[in-house]
Amino acid sequence: MWRARQAAVACEVCQSLVKHSSGIQRNLPLQKLHLVSRSIYHSHHPALKLQRPQLRTSCQQFSSLTNLPLHKLKLSPIKYGYQPRRNFWPARLAARLLKLRYIILGSAVGGGYTAKKTFDEWKDMIPDLSDYKWIVPDFIWEIDEYIDLEKIRKTLPSSEDLAKLAPDLDKIAESLNLLKDFFTAGHKLVSEGIDASGPLLLLGSPGETAFRATDHGSESDKHYKKVSDKEKIDQLQEELLHTQLKYQRILERLEKENKELRKLVLQKDDKGIHHRKLKKSLIDMYSEVLDVLSDYDASYNTQDHLPRVVVVGDQSAGKTSVLEMIAQARIFPRGSGEMMTRSPVKVTLSEGPHHVALFKDSSREFDLTKEEDLAALRHEIELRMRKNVKEGCTVSPETISLNVKGPGLQRMVLVDLPGVINTVTSGMAPDTKEMIFSISKAYMQNPNAIILCIQDGSVDAERSIVTDLVSQMDPHGRRTIFVLTKVDLAEKNVASPSRIQQIIEGKLFPMKALGYFAVVTGKGNSAESIEAIREYEEEFFQNSKLLKTSMLKAHQVTTRNLSLAVSDCFWKMVRESVEQQADSFKATRFNLETEWKNNYPRLRELDRNELFEKAKNEILDEVISLSQVTPKHWEEILQQSLWERVSTHVIENIYLPAAQTMNSGTFNTTVDIKLKQWTDKQLPNKAVEVAWETLQEEFSRFMTEPKGKEHDDIFDKLKEAVKEESVKRHKWNDFAEDSLRVIQHNALEDRSISDKQQWDAAIYFMEEALQARLKDTENAIENMIGPDWKKRWLYWKNRTQEQSVHNETKNELEKMLKCNEEHPAYLASDEITTVRKNLESRGVEVDPSLIKDTWHQVYRRHFLKTALNHCNLCRRGFYYYQRHFIDSELECNDVVLFWRIQRMLAITANTLRQQLTNTEVRRLEKNVKEVLEDFAEDGEKKIKLLTGKRVQLAEDLKKVREIQEKLDAFIEALHQEK
């Protein structure tokens, strides 16, 4: 009994010590301490068996989230059989405590040794990773150079500060317990039909729960304040909204830090620290596929069904502002109420270290952080739009491709379309409205296109046009995202806020959508920065009734949430449709290759650009062939062409007037004067024209000359166009005429014929010229008088009345010439009267003008025949020429004239030939190269000049192969990213 009593007393002492100990938790369950007390008790005593006291537990259950303290336990009373006579419990208690010390110290030493041994074994099991340090990027080892870790460590709060900030768990547990009891009481009262009009008071023990209604003056007024359910809900919604905005700001801060770190990493990559080639991003590869598809003429029922985000909306609804918020830069031209988007603009957003923009067909980068570059980009976009718009139109279907890169941008492809209009205003083309609808439908009818429908929230919903158009293209709303802009103005102007909720939920429109968003795109000032607009947007929604009244959810507001949702939807659509599109192009490629093999089995598959390069080489080879023409050939064709050009002037205006004079002195004077005038005014210009025409003829001959089996008629139109354009651009050297005039004047001044050979050549030249003129005159007389008697008998031809009159007049004039063979060139008036009267006596009525016309041809034929007879006489006149025709009746001044003309032609031809071969051929070759370069850059010109089924088939094959290769590469990269 003494031992039992001593053990019970020790148990109570242990309990008191544990309660005041600083090392043990205050609310430790007492049953555990009781077990410790039992360890002190001597278990070999046979007369006593201690029972564990039963806990008085409450019927209330607690979750792991409440952390409520357990209730104090009471020991059951123990009765002992006997009392000891002597009580030495302090000494025994001290002995037991000293024994407990050894147990604790031994356990600590043994446990520490075991833990150290286990740690050493685990450490030995870890492999040596020093050989794999190369896997970790270099910038990880150098990150302390860019991030001050010591500074960050100092800025972090200490453990004492964190302990101060930690909440009081006991108070929180007590508050949660009271809140739970409160809601349980309210539910019970409602179920029992009790009118709980006053505050509720929690009653009862920990093991039971009960409620009762009390008066306003009860004791519970000291702890709780009476609030209505509606105020509680408003308070909870307010707290929830603040919590969401708080976490939103934290998330944005973390994203900003992440963006800075990614920018740092990308800049390190740009500097080549890792010495590896960066691959193209997924969005860049996808954008290249879309660029190729935009130029592809869909044949064989293959259409472009690849996803892109199509931005549509009414004019001035805020489409451009939404795009700029997503791209984080003011990149589009702006105008107050004016149509600024005149053609589709494809914007590819991708991530990069610097915020820049560049066009598909240009290497210039616009720095979007600099205002001057932004202004230049907006101006360039406006110029490209106006260039795409054809004359007489307001909008154009041609797409402008723009890439925007920057840290933190969501990867996607957006197409900004011209705003839908209801009325065509002045200055617009009559078909502007229909053309905008046509362009919008062409993009939206793609079953995989995501339609971003922009609606102006500041105007009446009934005035919207675009919603009907979107409903027609996507009636089930499976790929439409509705965006309400200018919500700040809408909330200010709309009398009923629920109307905005109806717009957001799509109840005012027949249109369905995947999601509904509300955004604010600024205060209407075009000079606002993107950062200022974003701050204004966040501030507005933080204080907006739309969120406080739960009309909108937090994820439905701000352009940032919109861009995240659109990007997710875009990539989901891409993953679902890209492989199906790749399969369709594989089938198209097989069909095209089969058609080529059947139609052109022995020809290579050269597309339009390759054919142009082949034609370009042929044309340049033909131009070089001009330099291989012999000088003799050049001079012969130049001399012949020049004489054909000037022969009429020489015969009609120089030789005939001089030959009709009475003596040789007058003949030579007339010839010298007329030759001088001709040389000063006309001859050099005529010579240059002849030379240029001769060069063109030779160039054309080389260009159009058949090459046998190697000739490809598909190049004929291109060669002709190159020839015409080169000739048009070529201009003869202006100084050539001045130098040529001096040379020609000196040649015509020379009258000295050195030998008999030159004399005979001059006579031969003169005879050819006169015979050609005589033949022309005979033909003119024949046409004047009609067919002679042989033709009338053989070919059954008759003369007209006019021809008969001309014939009678000719016969009368020939009689006059026979009477006087040295008759002057002109008829006297009395001679005309005599001829008219003689004809009238035979019954032929003639007009004096008819007599003069007939006389001109008759006398011309008589004169030319006389001159040819004189040429025969002058064949033996070289001897008299050397003696200057002294003591001779023969005069051959006309032979000397034709020798001067012939010599001038030879010298001029030689001079022109030198200029051609030394200068003009090279200049022509340069012009041809420039024309070919211009044609190479003009795609429309190549399409116009290189046409045909063969060209189109090769072009389709090339594009389909290119699209398939890019799609395969994109799909492979997409799988690798997964």
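Throughout this description, residue numbers start from 1 for each chain and increase along the sequence as written. Owing to the predicted nature of the model, reporting of local features is limited to residues with pLDDT of at least 70; listing and counting of side-chain atom pairs is limited to 80 or more, with chain, interface and lining totals taken over all residues. Based on all heavy atoms of the structure, the side-chain values leave hydrogens and waters out of the count.

Per an unreviewed UniProt entry, the protein carries the name Dynamin-like GTPase OPA1, mitochondrial and comes from Cricetulus griseus. Database annotation for the protein, UniProt heading Subunit (unreviewed entry): "Oligomeric complex consisting of membrane-bound and soluble forms of OPA1. Interacts with RCC1L; RCC1L acts as a guanine nucleotide exchange factor (GEF) for OPA1 by exchanging bound GDP for free GTP. Interacts with CHCHD3 and IMMT; these interactions occur preferentially with soluble OPA1 forms. Interacts with PRELID1." UniProt positions are given in the numbering used here, feature names are shortened, and annotations may be inferred rather than shown by experiment.

Numbering of helices and strands starts at the N terminus; helices are DSSP runs of H or I of at least 4 residues and strands are runs of E of at least 2. Within the protein, the secondary structure is distributed over 34 helices and 11 strands. Every one of the 978 residues in the protein was classed for burial, and the buried ones make up 40%. Considering only contacts within the protein whose residues lie at least 6 apart along the sequence, 78% involve residues at least 24 apart. In short, Shrake-Rupley with a 1.4 Å probe defines the accessible areas, and a residue's cover is counted only from the protein chains shown. Entry remark: accessible area of the protein is about 58,500 Å², with carbon and sulfur atoms responsible for 52%. Residue exposure (1.4 Å probe, protein chains only): buried if accessible area is under 20% of the type maximum, exposed if over 50%, otherwise partly exposed. Between two residues, a contact is recorded if the distance between any of their heavy atoms is within 4.5 Å.

Here L967 is to be found in helix α34 (residues 949-977). According to the relative accessible area criterion, L967 is buried, its value standing at 0%. The spatial distance from the C-alpha of L967 to the C-alpha of F585 is 9.3 Å, given a sequence separation of 382 residues.

Note that patches include only residues with greater than 30% relative accessible area and no salt bridge, and the join distances are 9 Å for like charges and 5 Å for nonpolar side chains (Val, Leu, Ile, Met, Phe, Trp, Tyr). The term salt bridge refers to a pairing of a side-chain nitrogen on Lys or Arg with a carboxyl oxygen on Asp or Glu at a separation within 4 Å. When charges are tallied, Lys and Arg are placed among the positive residues and Asp and Glu among the negative ones, while His and the ends of the chain are skipped. To locate a charge, take NZ of a lysine, CZ of an arginine, CG of an aspartate or CD of a glutamate. A cluster of acidic side chains, namely E398, E930, E933, E937, D938 and E940, defines a negative patch on the protein surface. The dominant element in the negative patch, judged by the number of residues it contributes, is helix α32 (residues 893-937), at three residues. For D938, the location among the structural elements is in the loop between α32 and α33 (939-945). By relative accessible area, which is 31% here, D938 ends up partly exposed.

Looking now at the side chain of T777. Here T777 shows up in helix α26 (residues 756-785). Residue T777 is classed as buried on the basis of its relative accessible area of 2%. In the analysis that follows, any N or O atom pair within 3.5 Å is treated as a polar contact, provided that within protein one partner can donate a hydrogen and the other can accept it, and provided that, for residues neighboring in sequence, both atoms belong to side chains. Polar contacts involving the side chain of T777 include one to the side chain of R860, which spans 3.0 Å.

All right, on to the sheet that holds strand β10 (residues 480-485) then. Here a strand pair is declared whenever DSSP counts at least two bridges between the two strands. Taken together, the nine strands give an open sheet; going across it, the order is β6-β5-β7-β4-β8-β3-β9-β10-β11, and neighbouring strands pair in mixed fashion. Every other strand in the sheet has two partners, leaving β6 (366-367) and β11 (515-518) as the edge strands with one partner each. Looking at chain direction, strand β3 (residues 309-313) and strand β8 (residues 412-416) are connected through three bridges and run parallel. In the sheet register, V309 faces β8, and the bridge partner there is L414. Geometry is summarised by axes, namely lines fitted to C-alpha atoms with helices restricted to the contacting stretch, and by angles between N-to-C directions that run from 0 to 180 degrees. The sheet contacts of helix α10 (residues 282-294) involve β4 (345-351), β7 (400-406) and β8, and relative to β4 the element is tilted by about 160 degrees.

Note on aromatic pairs: the rings of Phe, Tyr and Trp (six-membered ring only in Trp) are paired at centre separations within 6.5 Å, and the planes decide the class, stacked below 30 degrees, edge-to-face beyond 60, tilted for the rest. Within this structure, the stated rule accounts for 17 aromatic pairs. A centroid spacing of 5.1 Å and a plane angle of 70 degrees characterise the contact between F540 and F541, whose relative ring orientation is edge-to-face. As far as the burial class goes, F540 and F541 line up, both buried. Arranged with centres 6.4 Å apart and planes meeting at 25 degrees, the rings of Y859 and F863 form a pair that is stacked. One end of the pair, Y859, and the other, F863, are both in helix α30 (residues 848-874), four residues apart, so they sit about a helical turn from each other.

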